[in-house]
Each structure stands twice: as C-alpha cells, then as structure tokens.
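Listed below are the residues making up each chain.
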Amino acid sequence: MSNLIAPSILAADFANLQKDIEMVNNSEADWFHIDIMDGVFVPNISFGMPVLKAITKHATKTIDVHLMIVNPDQYIQTFADLGATILTVHYEACTHLHRTVQGIKAAGMKAGVALNPHTPIAVLEDIIADLDLVCIMSVNPGFGGQSFIENTYKKVSQLKHLIEFSKSACQIEIDGGVTDKNANALIEAGATVLVAGSYVFGSENPTETIADLKNSIG
C-alpha cells in the first residue's frame with residue numbers, strides 16, 4: 001500500500017479556489033481533504049454543501065470529506081450525492097457509531113472515524129473491522145495552522161497494532177500539523193495518509209511542496 005498525501009482545502013485560497021483545486025489535480029497529491037465544520041461540534045465554521053459542490057465539480061481525485069459536525073447521520077446521503085468518496089465522522093459526535101458507519105457504506109462511500117487528541121484508540125476495538133479509515137487528530141479540531149501534538153506517534157502505533165490484530169484493511173490518516181519535520185516518523189509509526197494544509201498552501205510553491213512531501217514518504 002503506497003503512502004498518500006491529502007492537501008487540506010481548508011487552507012486553500014477561497015478567493016481563488018478553482019486555481020488551488022486545479023493545482024492539486026495537477027500535483028502528486030492523492031486525495032482532496034475537505035473539512036466541514038458547523039461551529040457547534042468545533043468552534044469554527046468552514047464551508048458547506050455549495051462550496052463542496054463547487055470543489056467536486058473541478059476535482060479529479062478522491063474526495064475525502066471530514067465531518068466536524070453534530071448529527072452527521074442526517075447528511076450522509078447529501079454528501080454521497082455531492083461526490084464524497086470517503087466520509088469520516090467523529091467518534092465523539094456519534095451516539096450510535098455502528099449505525100452511522102453502516103449508513104455511510106449503504107450510501108456507497110467508504111467509512112472513516114476521526115478521534116480527537118484526548119480520545120483513546122481502545123474505543124475503536126468493536127468497530128475497527130468495519131472501517132476503511134481512522135483519522136487521528138494531531139491537533140485539536142476546528143482551526144488550521146496549529147502545532148502538532150507529540151502524543152500522536154504513540155496513538156498511531158497503538159492503532160496499527162489494533163488493525164493488525166483485527167486483520168482490518170483500515171488506513172491510518174493523520175490530520176493536523178503535518179510537515180516535512182514529522183512526515184517520515186508518522187509513516188514509520190504506521191500512518192498511510194497524511195493531511196497537509198497550511199504547510200502546502202502556505203508555501204511559496206505548493207506543487208513542489210506536495211512533490212517533496214510525497215517523495216519523502218515513499
């Protein structure tokens with residue numbers, strides 16, 4: 001399984017969004033990572049369905065949608081209709097997580113679960129076999145540009161052991177504070193998908209930054 005790079009569109013230039021979407025299309029990036037925030041589950045509002053529809057109109061790669069919202073179940077079919085390939089919900093936002101995961105799969109998408117920094121890996125023991133992806137938050141969710149939380153390495157290693165023990169095909173995604181300084185260590189710990197926002201879009205040459213990051217993780 002090759003290691004993947006997923007630029008986070010939350011850090012893109014919203015005044016020139018099509019330009020940044022086309023940059024990612026033409027780069028060595030593998031996925032588009034789309035953060036949907038509601039201002040309730042996290043203390044920020046990002047963008048909603050009309051912007052996602054505009055993104056999927058131009059994007060030519062996997063659409064990885066990360067919901068940081070309450071009551072995600074009521075929007076599952078909507079995100080499927082908008083073109084999401086992967087739909088990730090937060091463990092902390094789902095009262096009936098198994099039902100939510102099954103709903104995502106029934107709508108034709110791959111199912112992911114995200115964990116906040118304080119949430120232990122052990123909560124996934126009974127659901128890991130049903131998941132396609134686990135997103136470990138390496139910053140507190142809600143805002144881009146935060147510093148990486150060092151305890152993430154330990155959680156990635158624990159998750160890798162759980163996946164191997166349960167013989168799951170689940171991928172491990174890291175979201176928050178990813179740079180060239182920690183990318184290799186995250187891959188060595190077991191991560192397979194790295195989300196990079198500010199590091200990519202804040203650089204002088206995002207295409208080159210993506211290529212360097214992709215080459216560095218193999």
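Placed above this text is the structure.
Here the structure is a predicted model, which means the values were calculated and not measured.

> Can you help me understand the side chain of D175 in this one?
As for its placement among the helices and strands, D175 is situated in strand 7 (residues 171-175). Of the side chains bearing the opposite charge, K155 lies closest to the buried D175, which forms no salt bridge; the N-O distance is 13 Å. One polar contact links D175 to H33, side chain to side chain, over a distance of 3.2 Å. Only 3.2 Å separates the side chain of D175 from the side chain of H66, close enough to count as a polar contact. Those residues in contact with D175 that lie beyond four places of it in its chain are H33, D35, H66, C135, I136, M137, S138, V139 and V195.

> Just checking my understanding: could you explain the sheet that holds strand 4 (residues 86-90) for this structure?
Paired through their backbone hydrogen bonds, the strands of a sheet run either parallel or antiparallel. Pairing is parallel across the open sheet formed by eight strands, whose spatial order is 1-8-7-6-5-4-3-2. Two strands bound the open sheet, and with one partner strand each, they are strand 1 (4-7) and strand 2 (31-37). Mean inter-strand twist for the sheet, computed between neighbouring axes without regard to direction, equals 25°. Bridge count for strand 2 against strand 3 (residues 62-68) is seven bridges, and the pairing is parallel. Each bridged residue has a counterpart across the sheet, and for M37 the counterpart in strand 3 is M68.

> Which parts of the structure should I look at to understand the environment of C94?
Tracing the backbone shows C94 in the loop between strand 4 and helix 4 (97-106). What makes C94 buried here is its relative accessible area of 11%. Distance from C94 to Q77, taken between C-alpha atoms, is 16 Å for residues 17 residues apart in sequence. Residues contacting C94, with those up to four places away along its chain left out, are P72, V89 and T100.

> So what exactly am I meant to see when it comes to the nonpolar core here?
Proteins that are soluble and globular tend to have nonpolar side chains buried together. Grouped together as the largest cluster of nonpolar side chains are 63 residues, with contacts concentrated most on I34, V65, I174 and L194. Apart from the residues lying within four places of it in its own chain, the contact partners of L194 are L4, I5, A6, I174, V178, A183, L186, I187 and I217. Residues A6, A114, L133 and M137 belong to the second largest nonpolar core, which totals 11 residues.

> Can you help me understand the packing of aromatic side chains in this one?
The relative placement of two aromatic rings is captured by the distance of their centres and the angle of their planes. Under the defined criterion, the tally for this structure stands at two aromatic pairs. Judged by centre distance (5.5 Å) and plane angle (65°), the rings of F14 and F47 are edge-to-face. Note that F14 is positioned in the loop between strand 1 and helix 1 (17-25) and F47 in the loop between strand 2 and helix 2 (49-58), a separation of 33 residues in sequence. With a relative accessible area of 42%, F14 lands in the partly exposed category. A centroid spacing of 5.2 Å and a plane angle of 55° characterise the contact between F148 and Y153, whose relative ring orientation is tilted. Overall, the relative accessible area of 13% leaves F148 in the buried class.

> How should I be thinking about the environment of F14 in this particular structure?
Sequence separation between F14 and T192 is 178 residues; the distance between their C-alpha atoms is 28 Å. If near-sequence neighbours (up to four positions away) are discounted, F14 is found in contact with I9 and F47.

Basis of the calculations
Residues numbered from 1 in each chain as written. Predicted model: local features only at pLDDT ≥ 70, side-chain atom pairs only at ≥ 80, totals over all residues. Heavy atoms only, no water. Helix = DSSP H or I, 4+ residues; strand = E, 2+ residues; numbered from the N terminus. Buried < 20%, exposed > 50% of the residue type's maximum accessible area, 1.4 Å probe, protein only. Lys, Arg positive; Asp, Glu negative; His and termini not counted. Salt bridge = Lys/Arg side-chain N within 4 Å of Asp/Glu carboxyl O. Polar contact = N/O pair within 3.5 Å; in protein donor to acceptor, adjacent residues only side chain to side chain. Contact = heavy atoms within 4.5 Å. Pairing = 2+ DSSP bridges. Axes fitted to C-alpha atoms, helices over the stretch in contact; angles between N-to-C directions. Core = buried A, V, L, I, M, F, W, Y, C linked by side-chain atoms within 4.5 Å. Phe/Tyr/Trp six-rings, centres within 6.5 Å; stacked < 30°, edge-to-face > 60°.

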